[in-house]
Amino acid sequence: MLNYLLRRFLYTIPIMLGVALLCFALVHITPGDPLISILPPDASAELQEQMRELYGFNQPLPEQFGRWLWRALHGDLGLSIATSRPVTTEVLTAVVNTLRLAVVATLIGFVLGSLFGFVAGYFRNSFMDRLCSLLSVLGVSVPHYWLGMMLVIIFSSQLMWLPATGAGPGGSGDWAWDWAHVQFMILPAITMSVIPMGIIARTVRALVAELLEQEFIIGLKAKGLSNWGIFCHVLKNAAPTALAVMGLQLGYLLGGSILIETVFSWPGTGFLLNQAIFQRDLPLLQGTILVLAVFFVLLNLLVDVVQTLLDPRIAR
């Protein structure tokens, strides 16, 4: 077990280096001047050169990458071009907001998706199976940004039950687990949970349907085991795969929430990425993508470890 975990950890090192290289390269091959947002239109050539030297844009790309990677390993992601604030501070604040929203959305999607999947798998080819399968297909198919706008129109504009945008009263960035703040999370969390719910439901449904046809289930029934006991065996065998899907969905939500956070003006990484793209803020863009990629890699490592603990066959 220890050798397996050590090997999985060592595999993440070249993956992270590759992610850092791709992140740097993809950001720098995009067209446009990153300093255009802060330099006046009539800026002199001397001022432009000074700004390029300040941010290191006058150096060759391999040297820029080496310096950026070395500073990133020490927790320094540079300064934002648009705000002149440390990128690390802005990214970590946004990551906390996105992680808070993504965890809640993933839990909602996991609970509902598992419920729909188990019901559909246990009652195959029945009305409940068709209904749960329809809900899961709709969850995967409906564009989440469109769903977010519909929820805002219904529950914010028409019924005025919940706030439409922001993460706290008065635009405050401070968070507290009380109703005044939680109500801002309800609509974006529901919107984000729809896709994980559909994916988990379809996965669990296929797993349960397959497990119920296995020979060991027939043997358990022949031994006279109760339905609850059989359910526990099915749950234990389906848990590793369902957990892996949940972990992947949490990783996707951390990096793929740009549209949802933009619709609801939620101050997370998606909203920050959107601002960095339009402002052509290369340090902020690179830092945000790198942090999200590292989170995704580490999350996959954590899922592999938990899967191994739940199912020792993986380590063997």
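Residues numbered from 1 in each chain as written. Predicted model: local features only at pLDDT ≥ 70, side-chain atom pairs only at ≥ 80, totals over all residues. Heavy atoms only, no water.

So, the nonpolar core
(1) Moving on: Counting residues in hydrophobic clusters, the biggest one holds 44 residues, and the most contacted among them are W68, L77, V91, M192, W266 and L290.
(2) Moving on: Counting residues in hydrophobic clusters, the runner-up holds 16 residues, among them V204, I230, A242 and V245. (Core = buried A, V, L, I, M, F, W, Y, C linked by side-chain atoms within 4.5 Å. Buried < 20%, exposed > 50% of the residue type's maximum accessible area, 1.4 Å probe, protein only.)

Description of the packing of helix α5 (residues 127–141) against helix α7 (residues 179–211)
When two helices pack together, their arrangement is given by the angle between their axes and by how far apart the axes lie.
(1) Moving on: Interaxial distance between α5 and α7 falls to 7 Å at its minimum, and their mutual angle equals 140°. Comparing the axis directions of α5 and α7 gives the class oblique. You can see that α5 and α7 cross each other, and the crossing is left-handed. Across from D129, L135, S136, V137, G139 and V140 in α5, the residues of α7 making contact are V194, I195, M197, G198, I199, A201, R202 and R205.
(2) Moving on: Classifying every residue of the contact of α5 with α7 gives 8 nonpolar, 3 polar and 3 charged. (Axes fitted to C-alpha atoms, helices over the stretch in contact; angles between N-to-C directions. Helix = DSSP H or I, 4+ residues; strand = E, 2+ residues; numbered from the N terminus. Parallel < 35°, antiparallel > 145°, perpendicular 65-115°, else oblique. Left-handed = near helix turned anticlockwise from the far one by under 90°. Contact = heavy atoms within 4.5 Å. Nonpolar A, V, L, I, M, F, W, Y, C, P; charged D, E, K, R; others polar.)

Quick word on the UniProt feature "transmembrane region" (unreviewed entry) in the chain
(1) Moving on: UniProt's entry tags residues 9–29, 101–123, 135–161, 181–201, 243–264 and 284–306 with the feature "transmembrane region" (unreviewed entry), counted in the numbering of this structure.
(2) Moving on: For residues 101–123, the helix share is 96%, the strand share is 0%, and the end-to-end C-alpha distance is 33 Å.
(3) Moving on: Within the segment residues 135–161, helix and strand shares are 81% and 0% respectively, and the terminal C-alpha atoms sit 25 Å apart. (UniProt positions renumbered as here; feature names shortened; annotations may be inferred.)

As for a nonpolar patch on the surface
(1) Moving on: Taken together, the side chains of F123, F127, M128, L131, L134, L135 and L138 define a hydrophobic patch exposed on the protein surface, amounting to about 660 Å² of accessible area.
(2) Moving on: Residue placement: M128 occurs in helix α5. (Patch = residues over 30% accessible without salt bridge, like charges linked within 9 Å, V, L, I, M, F, W, Y side chains within 5 Å. Areas by Shrake-Rupley, 256 points an atom, 1.4 Å probe, with all protein chains shown as cover. Salt bridge = Lys/Arg side-chain N within 4 Å of Asp/Glu carboxyl O.)

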